[in-house]
Amino acid sequence: MANPFTQAKKQIMNASKKLKLNSETTSKLMIPDKFHTFWVRIKLDNGRRVKFRGFRSQYNNALGPYKGGIRFHPEETADTVLALSAWMTWKCSLVGLPYGGGKGGIICNPKELSNSELERLSKQYAKKIAKHIGENVDIPAPDVYTNSQTMSWMLEAYESKMNISSPGTFTGKPIELGGHLGRIESTGLGVAISIREALKNLKIKIKGSKVIIQGFGNVGQNTAKHLEKMGSKIIGISDSSTGIYDEKGLDIKKLIEYKNSGKRLIDYKNYKKISNEEILVKKCDVLVPCALENSIDNHNAPKINAKVIAEGANGPITTEADKILFKRSIIVIPDILANSGGVIGSYFEWLMNRTGENWDVKTYNKKLDMMITNAFKKVFEKYKKIKTENMRNVSYMIAIERVVNAMKLRGR
Ligand code: NAD
């Protein structure tokens, strides 16, 4: 697979050309402000001492403190972390957040570690980056294989090392430590809102619109739940075991309960099974990939039978597939717009931690709706005007331009 940071740099070059930026500015955009690498040493339960490679990339803070998750993954690399931190910079910029972009990670297999080993690893990592983060400096969050428990351990280690109380330094926390109930559904709700806006602009009625969702975890489930509330009919879903399909519409409430009891769709009795490959090319109005990177490539892109694709997952469409879909006039709502509900939710948590306010979920969701709707409008208007670029390229142009303007104003 292509090096993700090489891909991220290509995207910057591409947008820079369209924005007619000079070479000095373009080069600046391709280098992170700071990149920290270090060893995280812990004692395993059996007494053996081990070390893991840790990273924190602080890509660009022209718009505000660095913001981005921390992943624990055996295949984590410096280049993945760098690329993800660049993408966070553009995502925060596109939706108008006062944040820059960051990302962190540890090369480890969390499935092979006990709970107490994970606690020591999380706390040690937080101590290593403590000097470089803070609610006005860099705000981490959960990501792949980390969760609200990881954030609780990290907050504890950070606050005790720095001798302060600063809950706004981490987002995605449990409610007891300053997290918010709205965050659980915020990414999926945001995906649904972006789809609602796309259908409205394409003059397709959302009521009765047929939707297929690949991946039925946090993002897939909440996208399904909110789209159903808006009037869509979810006719197909999949998890890693299989796809299921019913043209009359699936019972999403039951399926969410079933999946959250830890079972796989392959063992679900009531619906027709259909392979993971086949479900992606079934006829529908909206296809929502919410699972893995690169699931739509040059092999299946020519066969996709949807009017709109919304990227719930990060990077589910390859560059080649993107070109094929654009030629076929299939609208793609890019990840930096479609799944931005997650970081917007994190922003709300950070705001509430700093002001002491506590919004109810209705207010939280209403504000989220407003931010995504506005961002969508901005992108769609430019997309209609330019005509020769897809929504991804247009989003990058808007996002990068905002960062460049902030850099110029600061005299960087
Ligand atoms: P998750 O682990 O809760 O769910 C992932 C789902 O994908 C699972 O149902 C899994 O069975 C399924 N899956 C795996 N391989 C599959 C395959 N080949 N075919 C079909 N389904 C498959 O993860 P999540 O939190 O829902 O995240 C999904 C994606 O969204 C990731 O790319 C993540 O980076 C991105 N994302 C998540 C958030 C968030 O707030 N959770 C925010 C922004 C982006």
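Residues numbered from 1 in each chain as written. Predicted model: local features only at pLDDT ≥ 70, side-chain atom pairs only at ≥ 80, totals over all residues. Heavy atoms only, no water.

> Looking at this structure, I do not really get the sheet that holds strand 2 (residues 49–60). What am I missing?
For sheets, the rule is that strands pair by backbone hydrogen bonds, running either parallel or antiparallel. Taken together, the 5 strands give an open sheet; going across it, the order is 1-2-4-3-5, and neighbouring strands pair in mixed fashion. At either end of the open sheet lies a strand with only one pairing partner, and these are strand 1 (34–43) and strand 5 (138–142). Taken pair by pair, the neighbouring strands of this sheet meet at an average axis angle of 25°, ignoring direction. (Pairing = 2+ DSSP bridges. Helix = DSSP H or I, 4+ residues; strand = E, 2+ residues; numbered from the N terminus. Axes fitted to C-alpha atoms, helices over the stretch in contact; angles between N-to-C directions.)

> Can you walk me through the packing of helix 12 (residues 341–355) against helix 13 (residues 361–386) in this structure?
Any two packed helices are characterised by the angle at which their axes cross and by the distance between the axes. At a minimum axis distance of 10 Å, the contact between helix 12 and helix 13 shows a crossing angle of 130°. When the axis of helix 12 is compared with that of helix 13, the two are oblique. Two packed elements cross with a definite hand, and for helix 12 against helix 13 that hand is right-handed. Residues Gly-341, Ile-344, Gly-345, Tyr-347, Phe-348 and Met-352 of helix 12 form the contact with helix 13, whose participating residues are Tyr-364, Lys-367, Leu-368, Met-371 and Ile-372. Partitioning the contact of helix 12 with helix 13 into residue classes produces 8 nonpolar, 2 polar and 1 charged. (Parallel < 35°, antiparallel > 145°, perpendicular 65-115°, else oblique. Left-handed = near helix turned anticlockwise from the far one by under 90°. Contact = heavy atoms within 4.5 Å. Nonpolar A, V, L, I, M, F, W, Y, C, P; charged D, E, K, R; others polar.)

> I tried to follow the sheet that holds strand 9 (residues 272–274) on my own but got confused; where do I start?
Strand order in the open sheet formed by 7 strands is 9-8-7-6-10-11-12, and the pairing between neighbours is mixed. One side of each edge strand has no neighbouring strand; the edge strands of this open sheet are strand 9 and strand 12 (331–333). Pairwise comparison of adjacent strand axes, ignoring direction, gives a mean angle of 25° for this sheet. With 2 bridges joining them, strand 10 (residues 286–289) and strand 11 (residues 308–310) adopt parallel strand pairing. Looking across to strand 11, one finds that Leu-287 is bridged to Ile-309. Contacts between helix 7 (residues 218–230) and the sheet are confined to strand 6 (210–214), strand 7 (233–238) and strand 10, with strand 6 contributing the most and set at about 165° to the helix.

> Would you mind showing me how to read a positive patch on the surface here?
The grouping of Arg-41, Lys-51, Lys-127, Lys-128, Lys-131 and Lys-161 at the surface amounts to a positive patch. For Lys-131, a relative accessible area of 68% translates into the label exposed. (Patch = residues over 30% accessible without salt bridge, like charges linked within 9 Å, V, L, I, M, F, W, Y side chains within 5 Å. Areas by Shrake-Rupley, 256 points an atom, 1.4 Å probe, with all protein chains shown as cover. Salt bridge = Lys/Arg side-chain N within 4 Å of Asp/Glu carboxyl O. Lys, Arg positive; Asp, Glu negative; His and termini not counted. Charge placed at Lys NZ, Arg CZ, Asp CG, Glu CD. Buried < 20%, exposed > 50% of the residue type's maximum accessible area, 1.4 Å probe, protein only.)

> What exactly am I supposed to notice about helix 7 here?
Since one α-helical turn is 3.6 residues long, residues separated by three or four positions face the same way. With 13 residues, helix 7 extends 18 Å between its outermost C-alpha atoms, agreeing within 8% with the 18 Å of an ideal straight helix rising 1.5 Å per residue. Listed in full, the buried residues belonging to helix 7 are Val-219, Gly-220, Gln-221, Asn-222, Thr-223, Ala-224, His-226 and Leu-227. On its buried face, helix 7 sits against helix 6 (183–201), strand 6, strand 7, helix 8 (252–260) and strand 10. Once helix 7 finishes, Gly-231 follows within two positions and takes phi at roughly 115°, a positive value. (Expected span 1.5 Å × (residues − 1).)

> Explain the site of the ligand to me, please; I cannot follow it from the model alone.
Near the ligand you find 19 residues, and of these Thr-187, Phe-216, Asn-218, Val-219 and Ser-240 are the closest. Here Phe-216 contributes a backbone N or O atom positioned 3.1 Å from an oxygen atom of the ligand. Asn-314 is positioned such that a nitrogen or oxygen atom in its side chain is 3.2 Å from an oxygen atom of the ligand. Its free accessible area being 830 Å², the ligand has 70% of it covered by the protein chains. Only helix 6 and helix 7 provide two or more residues apiece to the shell around the ligand. (Near = heavy atom within 4 Å. Polar contact = N/O pair within 3.5 Å; in protein donor to acceptor, adjacent residues only side chain to side chain.)

> For this particular structure, what's the right way to read the packing of aromatic side chains?
Aromatic rings considered in pairs are described by the distance between their centres and by the relative angle of their planes. Counted under the stated rule, the structure contains 15 aromatic pairs. On the numbers, 5.6 Å between centres and 50° between planes, the contact of Phe-38 with Tyr-125 is tilted. With a gap of 87 residues between them, Phe-38 in strand 1 and Tyr-125 in helix 4 (residues 115–129) connect regions that are remote in the sequence. Considered together, Phe-38 and Tyr-125 belong to a single accessibility category, that of buried residues. With a centroid separation of 5.9 Å and an interplanar angle of 45°, the aromatic rings of Tyr-347 and Phe-348 are classed as tilted. Assessed through its relative accessible area of 16%, Tyr-347 is described here as buried. Here the guanidinium or amino end of Lys-282 rests over the ring plane of Tyr-245, the centre of that ring lying 4.6 Å away. (Phe/Tyr/Trp six-rings, centres within 6.5 Å; stacked < 30°, edge-to-face > 60°. Lys NZ or Arg CZ within 6 Å of the ring centre and 35° of its normal.)

> It is not clear to me how the domain arrangement of the protein should be interpreted in this structure. Could you clarify?
Many structure descriptions define interface size as the accessible area lost when the parts assemble. On domain assignment, one finds that the protein holds domain 1 (32–167) and domain 2 (184–338). Relative to domain 2, the C-alpha centre of domain 1 lies at a distance of 30 Å. At the junction of the two partners, domain 1 supplies 5 residues and domain 2 supplies 4 residues. For the pair domain 1 and domain 2, the summed buried area comes to about 390 Å², and 69% of that belongs to carbon and sulfur atoms. Among the residues of domain 1 in contact with domain 2, Lys-91, Leu-94 and Val-95 are the three that bury the most area, contributing 74% of the side total. On inspection of domain 1 and its partner domain 2, the count reaches 0 salt bridges. The tally of links from domain 1 across to domain 2 stands at 0 residue pairs in polar contact (both at pLDDT 80 or more). (Domains from an automatic or database assignment. Buried area = accessible area lost by both parts, 1.4 Å probe.)

> Hey, could you run me through the nonpolar core in this one?
Within soluble globular proteins, side chains that are nonpolar tend to cluster in buried spots. Ranked by internal contacts, the top residues of the largest apolar core, which has 83 residues, are Trp-90 and Ile-237. The greatest single-element share of this core, amounting to 11 residues, is contributed by helix 14 (residues 391–409). Viewed by domain, this core spans two of them, domain 1 (32–167) and domain 2 (184–338), each represented by three or more residues. Formed by 25 residues, the second largest nonpolar core is a distinct cluster that contains Ile-42, Leu-44, Ala-126 and Ile-133. (Core = buried A, V, L, I, M, F, W, Y, C linked by side-chain atoms within 4.5 Å.)

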